[in-house]
Amino acid sequence: MGDDGPVDHLIYEPHHDGSPLYLDEESAPLGSRVTVRVRTSVQQPVDAVWLRTVEDGEPFFTECARGRTDGETVWWTGMVHVRNPVQRYRFMVVAGDTFRWLNQAGVFDRDVTDAHDFRLTTYDAPPDWGRDAIVYQIFPDRFARSAAADDRPLPSWAVPAQWSDAPIHQGPDTPLQLYGGDLDGIVEHLDHLETLGVDTIYLTPVFPGESNHRYNASTFDEVDPLLGGDEAYRRLVDAAHARGLRVLGDLTSNHTGDTHEWFVTAVLDPTSAERSFYYFTADGHEGWKGHSTLPKLDHLEEEVRRRMHAVVQRWLDFGLDGWRIDVANMTGRRADTDVAHDVARQIRQAAVDVRADALVLAEHGHDATGDLDGDGWHGTMNYYGFSFPVWEWLRDPDRPVPSFGLPVGVPRRDGIAAATAMRDFTASFGWRAVTASWNILGSHDSPRIRTTTGSPALHHVAAVLQFTLPGVPMVFAGDELGLEGVNGEDSRRTMPWQDREQWDTATLDLYAALARLRHEHVALRRGGLRWVRIGPDDLAFLREHPEETVLVTVARTDAATPDLTGLDDRTSLLSVGDPGLGGPRAMVWRVGG
């Protein structure tokens, strides 16, 4: 399927992707040749398959060899010549006197641009643990509060809150409301993370800042004393590592806070080196999206980069396993300046110089196309390639649903639109980048998935997609309990540790089951993606790996069970909802032996 429209029997379409079943090496040195495979079906006879590469800007064609036939599947093999660091290729599938193009977005019986061609790079792959991970996002002020927090004096800027208070999510006090969650509180609840089955903790910023979110850092040299300081960070990192959990930090490479020591020096001393770190104007300075409290850094200044690299390396030396880079899409970009790729490459290099398997992942709130070619950020927070399609397909059908980053709410679209968007963004980002990017149903910046879907049943279908589609599931703390929130600030609700009646245990059990499923089945971590059916109200797809094949079917309504002809030999792994009662449901099977 390359064009819009409900389609059954996609299983018979020609297919290739960047997974091990179809690609021998996901990165290779310049000048090498890499084996690629295409599958076609005897149900749709093919006379020839040609591999088209673009080398030094010019297309080259080589004919693929027809290989074995496995049942209804015909395998074709070609060799990609890695002429350029990012080597693009596609396939021409010939039948009779016509042909179709096969690229990462699908199969097309019309001419298409090169933008969605498959790609193979010479750059090192993301770390294995980062792609196999299940990430758990924690907003420190709202996760858990240790007894030690009672002894810490509140700063003058803070608006104190009791743990059971609702978050202020509109108005000037929104970033000032402080609950007193701290790092030792997280340590005290690591059992919950292990029970849930996550293996990577992503903490939003821990550096001091005059806000509850701490994205307006006053220094990068120490952990906020309100969180317990460096000593508590050490206890958390050590306790997490002792349990086999990884820990990711959150760094604002685009800006600092206006109380940051660099910025304070720049303001007080116009002759200082720090003065050139920022964009000063006749009437002030430039801030992130116009916010003067978040002065933007000038990455044309080598000293800015050097200091930022030192921050990256210092905390990796401390024990962090990697970084999520805040506002990575804007870092190094301003007006006629665009050094974003240089910044990404250098931050990644700084990280791997200290820790060879460090993960460096970018926040990118919209289209990360062009920023993920392999030598910079390992992946992104995949809002537009995963979150938005899922939100739009599974949103509450009966009431308006707030969005993230848009001036209007979330529209309700069908499964055809959702799958098409996913395929487009996968093709645009590249397979390898997508498998390292985070599948997000909600975060500290967006409405909660329970609020978006309006029901446990639709939430559960969304969770199945989060854990079974290509990419790394990132669970925002509280999603597993069914917490709600109408926007990012409202979503930063406290974890109800003392009120278990607020826990949706069915949702918690499902998340734990999905985590086990992902850990146990390599196809869900490293397998390819082949669509079986794309319909308005139901989707079905295969995750294929040389070791196994997993089939997933999901429905948002009483849609009929899709035609699974050719997939009869299957064993149930997970069932969500009751097919006999209709309504939202999902099934996961292992196909074959």
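For the structure itself, consult the block above.
Residues numbered from 1 in each chain as written. Predicted model: local features only at pLDDT ≥ 70, side-chain atom pairs only at ≥ 80, totals over all residues. Heavy atoms only, no water.

Draft legend 1. Summary view of helix α13 (residues 456–468). The end-to-end C-alpha distance of α13, which contains 13 residues, comes to 18 Å, matching closely the 18 Å that a straight helix rising 1.5 Å per residue would cover. The buried fraction of α13 is high, at 11 of 13 residues. When α13 is considered as a whole, its buried residues turn out to be Leu-458, His-459, His-460, Val-461, Ala-462, Ala-463, Val-464, Leu-465, Gln-466, Phe-467 and Thr-468. (Helix = DSSP H or I, 4+ residues; strand = E, 2+ residues; numbered from the N terminus. Expected span 1.5 Å × (residues − 1). Buried < 20%, exposed > 50% of the residue type's maximum accessible area, 1.4 Å probe, protein only.)

Draft legend 2. Local environment of the nonpolar core. Residues Tyr-136, Phe-143, Leu-183, Leu-203, Tyr-233, Trp-438 and Trp-531 are the most contacted members of the largest nonpolar core, which totals 127 residues. Residue contacts for Leu-203: discarding those within four places in its chain leaves Ile-138, Pro-140, Leu-183, Ile-186, Tyr-233, Leu-236, Val-247, Leu-248, Gly-249 and Asp-250. Val-74, Val-80, Tyr-89 and Leu-102 belong to the second largest nonpolar core, which has 20 residues in total. (Core = buried A, V, L, I, M, F, W, Y, C linked by side-chain atoms within 4.5 Å. Contact = heavy atoms within 4.5 Å.)

Draft legend 3. Here's a closer look at the environment of Leu-51. Looking at the element boundaries, Leu-51 is found in strand β2 (residues 48–55). When its relative accessible area of 1% is taken as the criterion, Leu-51 is described as buried. Distance in space between the C-alpha atoms of Leu-51 and Val-38 is 9.8 Å, their sequence separation being 13 residues. For Leu-51, the contacting residues outside a window of four places in its chain are Phe-60, Phe-61, Thr-62, Cys-64, Met-79, Val-80, Tyr-89, Arg-90 and Phe-91.

Draft legend 4. A look at the packing of aromatic side chains. Evaluation of the coordinates by the stated rule reveals 28 aromatic pairs. Seen from their ring centres, Trp-531 and Phe-541 are 5.5 Å apart, and the 70° between their planes marks the pair as edge-to-face. Pair noted here: Trp-531 is in strand β24 (residues 530–534) and Phe-541 is in strand β25 (residues 538–545), with a separation of 10 residues, a long-range link. Aromatic ring contacts, followed pair by pair, group Phe-207, Phe-220, Tyr-233, Trp-262, Phe-277, Trp-315 and Phe-318 into a single cluster. Sitting over the ring of Trp-101, Arg-90 keeps its end group 4.5 Å from the ring centre. (Phe/Tyr/Trp six-rings, centres within 6.5 Å; stacked < 30°, edge-to-face > 60°. Lys NZ or Arg CZ within 6 Å of the ring centre and 35° of its normal.)

Draft legend 5. Here's a closer look at the packing of α13 against helix α15 (residues 505–520). Contact geometry for α13 and α15: axes closest at 10 Å, N-to-C directions at 20°. Regarding the angle of α13 to α15, the classification is roughly parallel. Crossing angle aside, the handedness with which α13 passes α15 is right-handed. Across the interface between the two elements, His-459, His-460, Ala-463, Val-464, Gln-466 and Phe-467 from α13 touch Ala-506, Thr-507, Leu-510, Tyr-511, Leu-514, Ala-515 and Arg-518 from α15. (Axes fitted to C-alpha atoms, helices over the stretch in contact; angles between N-to-C directions. Parallel < 35°, antiparallel > 145°, perpendicular 65-115°, else oblique. Left-handed = near helix turned anticlockwise from the far one by under 90°.)

Draft legend 6. Fine view of the pattern of salt bridges. Counted under the stated rule, the structure contains 47 salt bridges. A salt bridge links Asp-150 to Arg-145; its shortest N-O distance comes to 2.9 Å. Taking relative accessible area as the criterion, Asp-150 reaches 55% and is therefore assigned exposed. As a salt-bridge pair, Arg-324 and Asp-250 come within 3.0 Å of each other at their nearest N and O atoms. Here Arg-324 is found in strand β17 (residues 322–326), whereas its partner Asp-250 is found in strand β14 (residues 246–252), with 74 residues between them in sequence. (Salt bridge = Lys/Arg side-chain N within 4 Å of Asp/Glu carboxyl O.)

Draft legend 7. Focus on the sheet that holds strand β4 (residues 65–70). Spatial strand order, β1-β5-β4: three strands in an open sheet with antiparallel pairing. The open sheet terminates on both sides in strands that have one partner only, identified here as β1 (33–41) and β4. With strand direction ignored, the average angle separating the axes of adjacent strands in the sheet is 30°. Sheet topology places β4 next to strand β5 (residues 73–81); four bridges connect them, and they run antiparallel. (Pairing = 2+ DSSP bridges.)

Draft legend 8. Looking closely at the sheet that holds β24. What the five strands build is an open sheet, ordered β24-β25-β26-β28-β27; its pairing is antiparallel. On the outer flanks of this sheet lie β24 and β27 (570–576), each paired with one strand and no other. This sheet shows a mean twist of 15° between the axes of neighbouring strands, independent of strand direction. The strands touched by helix α10 (residues 415–429) within the sheet are β24 and β25, with β24 carrying the most contacts at an inclination of about 160°.

Draft legend 9. Geometry of the side chain of Arg-533. Examined against the element boundaries, Arg-533 turns out to sit in strand β24. Separated by 2.8 Å, the side chains of Arg-533 and Asp-538 make a polar contact. (Polar contact = N/O pair within 3.5 Å; in protein donor to acceptor, adjacent residues only side chain to side chain.)

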